[in-house]
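As a plain string of letters, each chain reads:
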Amino acid sequence: MIFLKAFSLPTEDMEIDYLSVCGKFRRTCYDTKYPFGMFSGREFPESFEFSDITVFCGNNGSGKSTVLNLIAEKLKLKRDTPYNRSEFFDDYASLCRYSLLDDISPDSRVLTSDDVFERVLDIRRINNGIDSKRESIINDWVEKRSENADTRLHGIDDYERWKGIRDARNKNISQSQYIRSRLMRNVTERSNGESALSLFVDAIHDNALYILDEPENSLSPGNQLELKYFLEDSVRHHGCQFIISTHSPFILSLKGAKIYDIDSVPVKTLPWKELPCVKVYKEFFDNNTF
């Protein structure tokens, strides 16, 4: 399903006219007017036309993330992590134009490599807490098995302590069973890559627009393929639209994806096998046969 049909960046003449009229060219306290001038001489199309999967591919610093951030800002999409802004970002975004084929679902949002990193860190923090609690429960188990443990029930509020002693001394309950009964399942039975992949599975819902900025970060090649299949399924069966920036040959191979090579001048669409970054991989493996 296509929600966003087209998106236009301001022309160089529009940028110059805007800065001149608003007088911001006289402000000297800022080292940059980013994103003004970011795409000078790049010969971007009059407007980017979107498919159900549209990918921006380019080298570091090519501006692909900037384009995605402008789209997200213009559409007021939800996001969790901050992104690179400047004093002039809102001014530049005000000059951008877009057209829709359908209303944007409130589930629509931005997912970035920073979100993936935060998910992995959150799981590590949870696990650190679980590991600390596990050690405490082991010490508790040892203490309650001690002959000196007070097994008397001093009141209804003392029931849990008394029951813990009974469980610890029960020969039919092992130490691991005692710990598991008092400890939540350790969420990092998943690897970091699996945890990162779960972010997309958890966050992506039916009939919504998603902007994914370098989603391959923290994913192994195998998990990048899993993400590719998940995104294709989300488009085919769940009515999603994706706008993606990536270097990954696996993500670039998404079926039916419209790919803008924003390193080319003028910017043009290319099949994924003709992209320079994919050719680098091919040449490497051709020259290093197994």
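Rules and cut-offs
- Residues numbered from 1 in each chain as written.
- Predicted model: local features only at pLDDT ≥ 70, side-chain atom pairs only at ≥ 80, totals over all residues.
- Heavy atoms only, no water.
- Helix = DSSP H or I, 4+ residues; strand = E, 2+ residues; numbered from the N terminus.
- Buried < 20%, exposed > 50% of the residue type's maximum accessible area, 1.4 Å probe, protein only.
- Contact = heavy atoms within 4.5 Å.
- Areas by Shrake-Rupley, 256 points an atom, 1.4 Å probe, with all protein chains shown as cover.
- Pairing = 2+ DSSP bridges.
- Axes fitted to C-alpha atoms, helices over the stretch in contact; angles between N-to-C directions.
- Expected span 1.5 Å × (residues − 1).
- Salt bridge = Lys/Arg side-chain N within 4 Å of Asp/Glu carboxyl O.

Description of the overall build of the protein
Item 1. Regarding its fold elements, the protein presents 10 helices and nine strands.
Item 2. Taking all 290 residues of the protein together, 44% fall into the buried category.
Item 3. Across the protein, contacts joining residues at least 24 apart in sequence account for 75% of those joining residues at least 6 apart.
Item 4. Of the roughly 16200 Å² of accessible surface on the protein, a fraction of 50% belongs to carbon and sulfur atoms.

Quick notes on the sheet that holds strand β8 (residues 258–261)
Item 1. If you trace the six strands from one edge of the open sheet to the other, you get β5-β6-β7-β3-β8-β9, paired in mixed fashion. The open sheet is flanked by β5 (109–112) and β9 (268–269), the only strands paired with a single partner.
Item 2. When β8 meets β9, the two strands line up antiparallel, connected through two bridges. Across the sheet, tyrosine 260 pairs through a bridge with threonine 269, a residue of β9.
Item 3. Packed on one face of the sheet, helix α8 (residues 221–238) meets β3 (53–57), β6 (209–213) and β7 (241–245) and runs near 150° to β7.

What to know about unusual backbone geometry
Apart from glycine, the bulk of residues carry a negative phi angle, and the bulk of peptide bonds sit in the trans form.
Item 1. At the junction of tyrosine 34 and proline 35, the peptide bond is cis and its omega measures out at 5° in the coordinates.
Item 2. Along the polypeptide, proline 35 turns up in the loop between α1 (12–22) and β2 (48–49).
Item 3. That bond from valine 265 to proline 266 is cis: its omega, -5°, falls within 30 degrees of zero.
Item 4. The backbone of asparagine 207 shows a phi angle near 55°, a positive value even though the residue is not glycine.
Item 5. Judged by its relative accessible area of 39%, asparagine 207 is partly exposed.

Things to note about the sheet that holds β2
Item 1. Strand order across the open sheet formed by three strands is β2-β1-β4, with antiparallel pairing between neighbours. A single partner strand is all that each edge strand has here, and the edge strands are β2 and β4 (97–100).
Item 2. Against the sheet, helix α2 (residues 64–75) contacts β1 (4–8), β2 and β4, and its axis sits at roughly 115° relative to β1.

Here's the deal with α8
Item 1. Taking 1.5 Å per residue, 18 residues should reach 26 Å; α8 reaches 25 Å between its end C-alpha atoms and fits that length.
Item 2. Among all positions in α8, only Asn223, Gln224, Leu227, Lys228, Leu231, Glu232, Ser234 and Val235 are buried.
Item 3. Following α8 by one or two positions, glycine 239 has its phi on the positive side, about 65°.

Points about the pattern of salt bridges
Side chains carrying opposite charge are able to pair once their charged atoms draw close together.
Item 1. Counted according to the given criterion, the structure contains seven salt bridges.
Item 2. Taking the shortest distance from any N to any O, the salt bridge between glutamate 214 and lysine 64 comes out at 3.7 Å. Highlighted residues: glutamate 214 in the loop between β6 and α8 and lysine 64 in helix α2, separated in sequence by 150 residues. As far as burial versus exposure is concerned, glutamate 214 and lysine 64 are alike and both buried.
Item 3. Arginine 85 serves as the salt-bridge partner of aspartate 90, at 2.4 Å between the closest nitrogen and oxygen.
Item 4. Take arginine 85: its relative accessible area is 35%, and that puts it in the partly exposed class.
Item 5. The network of salt bridges with shared partners includes Glu73, Lys76, Arg85 and Asp90.

Observations regarding the environment of aspartate 103
Item 1. Among the structural elements, aspartate 103 can be located in the loop between β4 and β5.
Item 2. Residue aspartate 103 is classed as exposed on the basis of its relative accessible area of 63%.
Item 3. C-alpha of aspartate 103 to C-alpha of phenylalanine 3: the two residues are 100 residues apart in sequence and 6.5 Å apart in space.

Comments concerning the pairing of β6
Item 1. Burial analysis of β6 places five of its five residues in the buried class, the great majority of the element.
Item 2. Bridge count for β5 against β6 is four bridges, and the pairing is parallel. For valine 110, the partnering residue across the bridge sits in β6 and is isoleucine 211.

As for the pairing of β3
Item 1. Counting buried positions along β3 yields five of five residues, so the element is predominantly enclosed.
Item 2. Every second residue of β3 is oriented toward a common face, with Ile53, Val55 and Cys57 on one face and Thr54 and Phe56 on the other, all of them buried.
Item 3. Examined bridge by bridge, β3 and β8 share four bridges and lie parallel to one another. Residue cysteine 57 lies in a different strand from β8, and its bridge partner there is aspartate 261.

The quantities given are spatial measurements derived from coordinates; they are silent on function.
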